Amino acid sequence: MARVDNDVVNLIEKIRRAIRGGMMQPDTFPLDEINNLIECTLGNSFWKYIVSQSNYGFVNLPGIYKDCLQEALKRKDMEECGRILYLFQCSYIAFYTAMSDDEKIFRQKPYRKMIIELGTANAQMQGRIHKERQKGLVKIENTVLGQGRGVVYTYLMGEKKLNQPEEASAQVDYLCFTDKEDKWGKKEGVWEYRPAEKLEKTDASFARSKYRIMAHQMLPEYDYSVWVDPDMVVVGDLSRFCKVYGQGNSFLCFPDAKEDCIYEDMSVVHMRTDRLNLAIRKKLLQFQKEGYPEHNGLIDNRVIVRNHRDRQMCETMEAWWEEVYDGHSIVENIFNYVAWKQKFPFSLCDLFIYENPYFKNGQIDLNTNEDY
């Protein structure tokens with residue numbers, strides 16, 4: 001299946017998990033977004049994109065799904081909603097598998113719209129759940145993100161393309177750490193290149209992890225920083241992003257667009273070698289013994305805003321880096337566990353990281369205004 005189709009399946013899976021975990025109620029169920037997904041997947045609005053006619057079964061199927069979901073919500077039967085979504089998911093996968101390559105190309109435009117709608121609905125749900133989890137955590141200091149001397153920074157190895165911001169601010173510096181010596185001290189657009197520190201562990205992803213996590217140490221001259229992965233593009237006003245979503249915390253990020261449970265993410269996605277497999281299993285067992293809950297959320301660490309002057313934030317980053325450095329977890333999705341253990345309050349915006357007013361992924365095209 002194409003990447004965008006897997007994203008839709010993953011989002012449906014996430015909604016089903018939220019239902020099973022009791023984290024989604026009838027009043028928070030994204031009915032309009034799901035109805036639109038069903039219509040674009042099986043209804044007439046899809047068939048016109050592939051210049052074809054639907055048969056009798058497909059004409060009626062979207063309406064049946066919509067009616068069943070609406071009736072289940074009226075009864076407040078979330079278990080039934082989950083079963084209906086699973087039936088739709090299975091039907092959708094079977095239907096897509098039978099499509100020709102030409103039909104799949106025409107399908108991209110309505111899918112992009114669906115991905116944005118469902119991704120946004122999921123981010124809003126994760127934002128609400130996160131606020132509930134944060135209740136009871138005590139802020140050591142009340143901080144305001146985006147004040148003082150600020151920097152937007154990234155880490156680029158080799159000849160990879162450096163994305164220029166679509167909206168740049170004269171109030172912050174833009175720094176790119178790189179291993180390409182011929183670029184050191186030079187500028188490309190708004191970005192100034194700086195030498196990347198040589199670490200004893202030479203793996204590029206390991207070095208990038210240190211720059212991503214240890215902003216207060218790598219950039220001590222700044223009051224706050226905005227980390228952006230090289231694939232991400234700044235498209236909006238960062239000061240407004242900090243003001244709207246900072247909520248008095250010293251750490252701000254996006255929710256993961258696919259997963260919300262470290263046990264599921266680490267046990268399935270990142271088992272590539274026997275050594276890593278064993279290390280991850282030991283770490284997951286440790287989490288369980290410590291009482292770390294399932295479905296406690298995952299952040300997307302491609303964008304992180306931090307206040308360097310907050311002591312608790314710095315301590316949490318150091319604990320996060322220690323986990324990565326010691327090799328217990330070479331994947332970085334361990335942040336939520338570290339924050340839980342440190343009792344560290346942080347802000348999670350309720351925006352879809354792939355499409356929002358402030359950032360976008362330069363490698364994924366979700367533009368819905370194209371003509372095919």
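See the structure above.
Residues numbered from 1 in each chain as written. Predicted model: local features only at pLDDT ≥ 70, side-chain atom pairs only at ≥ 80, totals over all residues. Heavy atoms only, no water.

S.K.: Looking at this structure, I do not really get the packing of aromatic side chains. What am I missing?
M.R.: One pass over the structure, following the stated rule, counts 25 aromatic pairs. Considering the side-chain rings of F335 and F346, the 5.0 Å spacing of their centres and the 75 degrees angle between planes classify their relative orientation as edge-to-face. Note that F335 is positioned in helix α13 (residues 335-342) and F346 in the loop between α13 and β9 (347-348), a separation of 11 residues in sequence. Judged by its relative accessible area of 0%, F335 is buried. Classification of F346 as buried rests on a relative accessible area of 5%. Among the aromatic residues, those joined into a cluster by ring pairs are F241, Y245, F254, Y358 and F359. (Phe/Tyr/Trp six-rings, centres within 6.5 Å; stacked < 30°, edge-to-face > 60°. Helix = DSSP H or I, 4+ residues; strand = E, 2+ residues; numbered from the N terminus. Buried < 20%, exposed > 50% of the residue type's maximum accessible area, 1.4 Å probe, protein only.)

S.K.: Got a minute to help me understand the pairing of strand β8 (residues 299-307) in this structure?
M.R.: The side chains of a regular strand alternate between the sheet's two faces. Among the 9 residues that make up β8, 9 are buried, leaving the element largely enclosed by the rest of the structure. Looking at chain direction, strand β5 (residues 224-228) and β8 are connected through 5 bridges and run antiparallel. What sits directly across from S225, in β8, is R306. The pairing of strand β7 (residues 251-255) with β8 spans 5 bridges and is antiparallel. By the bridge assignment, L252 is partnered in β8 with V305. (Pairing = 2+ DSSP bridges.)

S.K.: Please clarify how the environment of M114 should be interpreted in this entry.
M.R.: Tracing the backbone through its elements, the reader meets M114 in helix α6 (residues 101-134). Here the alpha-carbon distance between M114 and L366, two residues 252 residues apart in the chain, equals 9.9 Å. With residues near it in sequence (within four places) discarded, M114 still touches N36, L37, C40 and T41. (Contact = heavy atoms within 4.5 Å.)

S.K.: Help me out: how do you make sense of the side chain of T154 in this one?
M.R.: Position of T154 relative to the elements: it lies in strand β1 (residues 150-156). By relative accessible area, T154 is classed as buried at 2%. Residues within four places of T154 in sequence aside, it is in contact with L162, L175, C176, F177, W191, W227, V228, D229 and P230.

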